Amino acid sequence: MKLQELLVDVATIKTIGTVDREVGQIQFDSRKLSAGDVFIAQKGTQVDGHRFIPMAEEAGVAAIVCEDLPKERKDGITYLQVESASKALGLMACAFYGHPSRELKLVGVTGTNGKTTTVTLLYDLFRRLAYSTGMLSTVVNKINEAEITATHTTGDALQINQLLRKMADAGVQYCFMEASSHAIHQHRIAGLDFDGGVFTNITHDHLDYHQTFKDYIFAKKMLFDQLPAHAFALVNADDKRGPVMLQNCKAKHYTYALRGLSDFPAKIVSNGFHGLEIEVEGQPVFFRLIGAFNAYNLMVAYVVASIFEIPKEDVLLELSALTGAPGRFELVPNALRKVAIVDYAHTPDALENVLKTIQEIRQQGQQMITVVGCGGDRDKTKRPKMAHIAAKLSDKVILTADNPRSEDPQVILQEMAEGLEITQRAKVLQILDRKEAIRTANMLAEQKDIILVAGKGHETYQEIQGVRHHFDDREVIREILV
């Protein structure tokens, strides 16, 4: 491919050398470079790719895209200065793979909570409706029934476009993808042709990265700012930031809600461990998912399908048969027949939603026992909040390790415990070993009680000092509750 073909949508500040030349692969990892490749020198949060320009030159690359031109340059290499190397990477990745997002209907889902469940529901719904469907999610990427392991909430620009190209070549008609705030801010979705954008909700999270809540909101809004006029923008009208997402958005606006006015109104009729009954646009429907937060996720799936003009009767029939995403309010069957729930809730708001949902549907006399931790190397401000919410809405709480990563897990637990009120401390235990914490919860629970293990959800590992050890909350529950 010619370099100039990759640069069609890229605004360059300065070009040194010719763009009328053949190039190989696009790379942003200097370790993967081969002669003739294009190296994109990104300024990352941890590492500045400009440091590796000499390595790229030594590897014999054809071109280097950077924000700061090196003072000394090597003959035979084309140097391109751009305002944002990350954005250039996204745009060039789209061109390199032949703009696959233009060959299918692509819908991006963003928000603090509900992204994975919503994307999974949409994927499952459209597959049941006999459409060729793709999914890009935290848990797994899918091209129809073929599964590809996911490594991030949203992959890098090259991974995304490579997967979309495979989808387009496989005849995929619809693709539903999670769009994390990190990915949006880092331009990993730059150049993608979205047919729709969905906003679920927003609460305090990732402030270790975005620094301020305003920056976090703006990062989410960037998805809607880039939607074209032919697309739709669907937002949760019950979230006060929903209207913010629609400001200056060129796409057609739609809203959904359970409490307030919206284009697609609904209300919960009943909510229990057996499922949800929701009145959708005046029609009562029973769903297998549990909890008010899932009512919102179900509404997104219903509205998106309706916008794509799929008969509403068919949509509701198939939606009513679906279950949620793995590790999202997942009831874990066990030999003791105790109510054991695993949930990915790793933000204060998500944990509060899950616990309030359980409070709403539990029977009188049922104790609520919560096992929860916080990940290391992540937003520390939420740690005391998580412990406080768990203690406020549970009868007993066990603080334990999540994914401590490079941090001391005992320090994380201490920082969580700082959020406890004096009156709450008597019902809170600290057990560092997560398996022992779950074992203790089982010992504390009577037959009728409820055990919630929060924070890791679908994850099948525990990361400690850079090493991932196999650990699955659901497996541990089935092993212990015998």
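I will try to describe carefully the structure that is included in this document. Source: prediction; values computed, not measured. (Residues numbered from 1 in each chain as written. Predicted model: local features only at pLDDT ≥ 70, side-chain atom pairs only at ≥ 80, totals over all residues. Heavy atoms only, no water.)

A full pass over the atoms with the stated rule returns 13 aromatic pairs. Taking the centre distance of 5.8 Å and the plane angle of 45° together, the rings of phenylalanine 126 and tyrosine 131 count as tilted. Geometrically, the ring pair formed by tyrosine 256 and tyrosine 296 is edge-to-face, given 6.5 Å between the ring centres and 65° between the ring planes. Remark: tyrosine 296 occurs in helix α10 (residues 292–307) and tyrosine 256 occurs in strand β13 (residues 252–257); sequence separation between them is 40 residues. Residues tyrosine 256 and tyrosine 296 agree in their burial class; the two are buried. Grouped by ring-pair contacts, the aromatic residues Phe126, Tyr131, Tyr174, Phe176, Phe232 and Phe308 constitute a single cluster. If you follow lysine 456 out to its NZ or CZ, it ends over the ring of tyrosine 461, 5.1 Å from the centre. It is arginine 468 that lies over the ring of tyrosine 461; its NZ or CZ is 3.8 Å from the centre. (Phe/Tyr/Trp six-rings, centres within 6.5 Å; stacked < 30°, edge-to-face > 60°. Helix = DSSP H or I, 4+ residues; strand = E, 2+ residues; numbered from the N terminus. Buried < 20%, exposed > 50% of the residue type's maximum accessible area, 1.4 Å probe, protein only. Lys NZ or Arg CZ within 6 Å of the ring centre and 35° of its normal.)

Let us look at the layout of surface pockets. In this structure, the second largest pocket occupies an estimated 300 Å³ of space. Taken together, 16 residues make up the lining of the second largest pocket; nearest its centre are Leu91, Ala190, Gly191, Leu192 and Gln226. Among the secondary structure elements, those contributing two or more residues to the lining of the second largest pocket are α3 (85–96) and α8 (213–225). Ranked by the residues each element gives to the lining of the second largest pocket, the list is headed by α3, at 3 residues. (1 Å grid on protein atoms, 1.4 Å probe; cavity = no way out; pocket = protein on both sides within 12 Å on 5 of 7 lines; lining within 4 Å. Points joined across faces, edges and corners; volume = space filled by probe spheres on them.)

What follows deals with unusual backbone geometry. With a phi angle near 60°, histidine 187 is a residue other than glycine that sits in the positive phi range. Relative to the helices and strands, histidine 187 resides in the loop between α6 (181–185) and β11 (196–199). Residues other than glycine seldom take positive phi values, yet arginine 337 does so here, at roughly 60°. Among the secondary structure elements, arginine 337 is positioned in the loop between β17 (330–331) and β18 (339–343). A residue is classified by how much of its surface remains accessible, and arginine 337, at 75% relative accessible area, is exposed.

As a further point, take the packing of helix α4 (residues 115–128) against α10. Across the interface, α4 lies against α10 with an axial gap of 9 Å and an inter-helix angle of 45°. When the axes of α4 and α10 are compared, the pair comes out oblique. α4 and α10 meet at a crossing whose hand is right-handed. Facing α4, whose interface residues are Thr117, Thr118, Leu121, Leu122, Leu125 and Phe126, α10 presents Asn294, Asn297, Leu298, Val300, Ala301, Val304 and Ala305. Here the residues of the contact of α4 with α10 sort into 9 nonpolar, 4 polar and no charged. (Axes fitted to C-alpha atoms, helices over the stretch in contact; angles between N-to-C directions. Parallel < 35°, antiparallel > 145°, perpendicular 65-115°, else oblique. Left-handed = near helix turned anticlockwise from the far one by under 90°. Contact = heavy atoms within 4.5 Å. Nonpolar A, V, L, I, M, F, W, Y, C, P; charged D, E, K, R; others polar.)

With that settled, consider the pattern of salt bridges. Per the stated rule, a full pass over the model turns up 23 salt bridges. Linking glutamate 145 and arginine 127 is a salt bridge whose minimum nitrogen-to-oxygen distance equals 2.9 Å. Linking glutamate 145 in the loop between β8 (140–143) and β9 (146–149) with arginine 127 in helix α4, this pair joins segments that are 18 residues apart in sequence. On the basis of relative accessible area, glutamate 145 is assigned to the exposed category, the value being 56%. Looking at arginine 127, the relative accessible area reads 25%, which means it is partly exposed. A salt bridge links lysine 356 to glutamate 352; the nearest nitrogen and oxygen atoms lie 3.1 Å apart. Taken together, the residues span about one helical turn, with lysine 356 and glutamate 352 both in helix α12 (residues 348–361) at a distance of 4 residues. Here lysine 356 falls in the partly exposed class, since its relative accessible area comes to 38%. (Salt bridge = Lys/Arg side-chain N within 4 Å of Asp/Glu carboxyl O.)

Before going further, it helps to spend a moment on the sheet that holds strand β20 (residues 396–399). If you trace the 6 strands from one edge of the open sheet to the other, you get β17-β18-β22-β19-β20-β21, paired in mixed fashion. A single partner strand is all that each edge strand has here, and the edge strands are β17 and β21 (428–430). Here 2 bridges tie β17 to β18, and the two strands are oriented antiparallel to one another. Across the sheet, residue glutamate 330 finds its bridge partner in β18, namely valine 342. Lying on the sheet, helix α16 (residues 473–480) is in contact with β17, β18 and β22 (450–454); it crosses β18 at an angle near 165°. (Pairing = 2+ DSSP bridges.)

So, on to the environment of histidine 470. Inspection of the secondary structure puts histidine 470 in strand β24 (residues 467–470). Considered as a pair, histidine 470 and proline 384 are 86 residues apart in the sequence and their alpha carbons are 27 Å apart. Filtering out sequence-adjacent residues up to four positions away, histidine 470 remains in contact with Thr460, Tyr461 and Glu475. Of the polar contacts made by the side chain of histidine 470, one reaches the backbone oxygen of threonine 460; its length is 3.3 Å. Polar contacts involving the side chain of histidine 470 include one to the side chain of glutamate 475, which spans 3.0 Å. (Polar contact = N/O pair within 3.5 Å; in protein donor to acceptor, adjacent residues only side chain to side chain.)

Our next topic: the pairing of β9. Pairing of β8 with β9 involves 4 bridges; the strand directions are antiparallel. Opposite isoleucine 143, over in β9, you have alanine 146 as the bridge partner.

Here the focus is the side chain of arginine 188. Inspection of the secondary structure assignment puts arginine 188 in the loop between α6 and β11. One buried charged residue, arginine 188, forms no salt bridge at all, with the nearest opposite charge on aspartate 156 at 7.6 Å. (Lys, Arg positive; Asp, Glu negative; His and termini not counted.)

Within the open sheet, the 11 strands sit side by side as β9-β8-β7-β10-β6-β11-β12-β13-β14-β15-β16. Their pairing is mixed. The open sheet is flanked by β9 and β16 (283–287), the only strands paired with a single partner. Strand-to-strand twist across the sheet, computed as the mean angle between neighbouring axes with direction ignored, equals 20°. As paired strands, β13 and strand β14 (residues 264–272) are joined by 2 bridges and run parallel to one another. Paired with alanine 257 across the bridge in β14 is proline 265. Packing against the sheet, helix α5 (residues 157–169) makes contact with β6 (105–110), β7 (133–136), β8, β9 and β10 (174–178), and its axis sits at approximately 165° to β7. Packing of helix α11 (residues 312–319) onto the sheet brings it into contact with β14, β15 (275–280) and β16, and relative to β16 it is tilted by some 30°.

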